[in-house]
Amino acid sequence: KEERLWGGRFDSGKVHECLEKINKSIDIDQRLHKQDIEASVAYANGLRDAGILTKDETELIISGLEQESTFELIESDEDIHTAVERRLRRLVGPAAGKLHTGRSRNDQVATDTKLWLSDACKPLADNLVHLIKRMAERAEQEVDVLMPGYTHLQKAQPVRWSQWILSHAWALDADRLRLTQVAERTMSQCPLGSGALAGITHNSMHSVADRDFVAEFTFWCALTGVHLSRLAEDLLLHCSIGFVQMGPGLSTGSSLMPHKSNPDGVELVRAKGATLTGMCTSMLALLKGLPSTYNKDLQLDKSILFQAYDDLNLALELTFAVIDTLRVNSKKCVDELEPSMLATDLAYYLVHKGVPFREAHHKVGEVVKLAEKKGIEISGVTLKELQEICVEFDENVQKVWSFESSVEQYQAYGGTSKASVTKQINAIKQI
Ligand code: ARG
């Protein structure tokens, strides 16, 4: 059995089995393997520049670190730093013991975690961009489909299906931008060289304690997870109404009801928004009230970080698969449009005749009330009846009853007209 890195001051090598178990982090932090080697190589070069290692020793150490033989963990490996140093000793002999001069696992783990996160942000950003662009392609493909837009889960005004999907794409685009900022801040300071707490950086005591980058990243995962959960919820509602249908392989069946096809995957994306929020809270709670510098509590940051990363990534990939193959039932989308969703347009019609909007709103409210009383659509109210409510109505009012004209009237950038939606699509293609 190998010596513990810190064994010298203890009489017997015996550590209580519970301490052994709670203290050990290798199962989780072996994911930092590549980064621990990378940072160790940089540190060896730093020690050479500082005159601690000779040129030969530095080369020996670096060749050992970079050797690509299989890396086998053994029972006594407490964490990845212990394991990397043990292996180095086996490969290059006692010179390995010089690498840790002035270094502590405190600055080492902070550095490794920053490197890991910086590396991990790239594929995550790629997955995000992949999804956003696919959403824009779907928007382009379905640009002529009209459907009800909802507020408070009640039918509100007609929109293009594309405007709906793009609304989610833009939320994710803001996440994409935020992720680049989180990645930049993660790498803005290097903790290596701080030692246990009395080293050489900007502020050594700060850099061994600082896990703001993990907290910020878990917040990012939580917010992006919340955005994905909103999309998931919309998809579930739209599936239920019949606007859309899951593509092949993206539904599961029921063990009892033979006819069922359930969008469980999307429900789980909705649920990840909850657990990711919990991970962000866990991370903040872990940091709250810790005294300065390194405390072993910080070791638990990595299980949170890795779990949040994996969950968010999987949620992104599943969402991509869903959007990629989603079937849009354009007939059902249009069938669900109702003339009452043009009540606002009827008010705008009066506004164009010079009626103040507040008054127009009130008059149209009376039209809605009358239609409700008669049990008909508002488009069925006769011109005579309309004129009794407001003299400004004339035969041109018929033009209001077009869903297509309704969505086309919003020509400003960000609006529902085909031209505006197309501009959004082109903007997303540029990212
Ligand atoms: N495994 C530890 C962690 O993940 C490494 C740092 C240990 N430092 C110490 N002084 N015991 O945080």
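Labelled according to an unreviewed UniProt entry, the chain appears under the name Argininosuccinate lyase, originating from Cloeon dipterum. Reading the Sequence similarities (unreviewed entry) entry of the UniProt record for the chain gives the comment "Belongs to the lyase 1 family. Argininosuccinate lyase subfamily."

Undergrad: Please explain the overall build of the chain as it appears in this structure.
TA: The number of helices and strands found in the chain is 17 helices and four strands. A compact globule built from 431 residues should have a C-alpha radius of gyration of about 22 Å, whereas the chain, at 31 Å, is more than 25% larger. Here the chain holds 431 residues, and the buried ones make up 36% of them. Contacts in the chain between residues at least 24 apart in sequence constitute 73% of all its contacts with a sequence separation of at least 6.

Undergrad: What am I meant to see in the UniProt feature "domain: Argininosuccinate lyase C-terminal" (unreviewed entry) in the chain here?
TA: Per the UniProt entry, the sites bearing "domain: Argininosuccinate lyase C-terminal" (unreviewed entry) are residues 341-408 in this numbering. End C-alpha to end C-alpha, residues 341-408 measures 15 Å, and it is 60% helix and 0% strand.

Undergrad: I keep staring at the nonpolar core and nothing clicks. Help me out?
TA: Soluble globular proteins tend to bury their nonpolar side chains together. Residues Ile61, Ile132, Met135, Ala169, Cys221, Met279 and Ala308 are the most contacted members of the largest nonpolar core, which totals 77 residues. Those residues within four positions of Ala169 in sequence are excluded, and the remaining contacts are Ile132, Met135, Ala136 and Ile428. The next biggest cluster of nonpolar side chains, apart from the first, holds 16 residues, and it includes Ala343, Leu350, Phe393 and Val400.

Undergrad: For this particular structure, what's the right way to read the pairing of strand 2 (residues 154-160)?
TA: Side-chain direction in a regular strand flips from residue to residue, so the side chains alternate between the two faces of the sheet. In this structure, strand 1 (residues 146-151) lies alongside strand 2, joined through six bridges in antiparallel fashion. Looking across to strand 2, one finds that Gly149 is bridged to Gln157. Between strand 1 and strand 2, which pair antiparallel in sequence order, lie two residues; one of them, His152, sits at a positive phi of approximately 55°.

Undergrad: I keep staring at the environment of Arg185 and nothing clicks. Help me out?
TA: Relative to the elements of secondary structure, Arg185 occurs in helix 7 (residues 161-186). In the structure, Arg185 is positioned 117 residues away from Lys302 in sequence and 18 Å away in space, judged by C-alpha atoms. In this structure, Arg185 is in contact with Phe213 and Glu216, ignoring residues within four places of it in sequence.

Undergrad: What is the right way to look at the packing of helix 6 (residues 105-141) against helix 17 (residues 418-429) in this model?
TA: The relative placement of two packed helices is expressed as an angle between their axes plus a distance between the axes. Between helix 6 and helix 17, the shortest axis-to-axis distance is 9 Å and the interhelical angle comes to 150°. Here helix 6 lies roughly antiparallel to helix 17, going by the angle between them. Viewed along their axes, helix 6 and helix 17 form a crossing whose handedness is left-handed. Contacts from Ile132, Lys133, Ala136, Ala139 and Glu140 in helix 6 reach Val421, Ile425, Ile428 and Lys429 in helix 17. A class-by-class count of the residues in the contact of helix 6 with helix 17 yields six nonpolar, no polar and three charged.

Undergrad: Sorry if this is basic, but what is going on with the domain arrangement of the chain here?
TA: Note on interface size: it is often stated as the accessible area lost on association of the parts. Domain boundaries in the chain define domain 1 (7-101), domain 2 (106-335) and domain 3 (339-429). Each of domain 1 and domain 3 was reduced to a C-alpha centroid, and the two centroids are 72 Å apart.

Undergrad: When you look at the site of the ligand in this model, what are you seeing that I'm missing?
TA: In the region of the ligand, the neighbouring residues are Ser25, Asp29, Asp79, His81, Arg105, Asn106, Val109, Tyr294, Lys296, Leu298 and Gln299. Classifying every residue of the shell around the ligand by side-chain character gives three nonpolar, four polar and four charged. Taken domain by domain, the makeup of the shell around the ligand includes at least three residues from each of domain 1 (7-101) and domain 2 (106-335).

Undergrad: Before we go on, may I ask you to explain the environment of Leu65 in this structure?
TA: Looking at the secondary structure, you find Leu65 in helix 4 (residues 55-66). The exposure class assigned to Leu65 is buried, which follows from the 23 C-beta atoms found within 10 Å. C-alpha of Leu65 to C-alpha of Trp170: the two residues are 105 residues apart in sequence and 44 Å apart in space. Excluding residues that lie within four positions of it along the chain, Leu65 makes contacts with Ile37, Ser40, Val41 and Leu88.

Undergrad: Can you walk me through unusual backbone geometry in this structure?
TA: The phi dihedral of His152 falls on the positive side, at around 55°, and the residue is not glycine. Following the sequence through the fold, His152 ends up in the loop between strand 1 and strand 2. For His152, a count of 6 C-beta atoms within 10 Å puts it in the exposed group.

Undergrad: Just to check I follow, could you spell out helix 13 (residues 343-352) for this structure?
TA: All of the buried residues along helix 13 are Ala343, Asp345, Leu346, Ala347, Tyr349 and Leu350. Buried positions along helix 13 lie against helix 14 (357-374) and helix 16 (403-408). Immediately beyond the C-terminal end of helix 13, within one or two residues, lies Gly354, with a positive phi of roughly 100°.

What counts, and at which threshold
Residues numbered from 1 in each chain as written. Predicted model: local features only at pLDDT ≥ 70, side-chain atom pairs only at ≥ 80, totals over all residues. UniProt positions renumbered as here; feature names shortened; annotations may be inferred. Helix = DSSP H or I, 4+ residues; strand = E, 2+ residues; numbered from the N terminus. Rg over C-alpha atoms; globule rule 2.2 N^0.38 Å. Buried ≥ 20, exposed ≤ 12 C-beta atoms within 10 Å, placed from the backbone. Contact = placed C-beta atoms within 7 Å. Core = buried A, V, L, I, M, F, W, Y, C linked by C-beta atoms within 7 Å. Pairing = 2+ DSSP bridges. Axes fitted to C-alpha atoms, helices over the stretch in contact; angles between N-to-C directions. Parallel < 35°, antiparallel > 145°, perpendicular 65-115°, else oblique. Left-handed = near helix turned anticlockwise from the far one by under 90°. Nonpolar A, V, L, I, M, F, W, Y, C, P; charged D, E, K, R; others polar. Domains from an automatic or database assignment. Near = placed C-beta within 6 Å.

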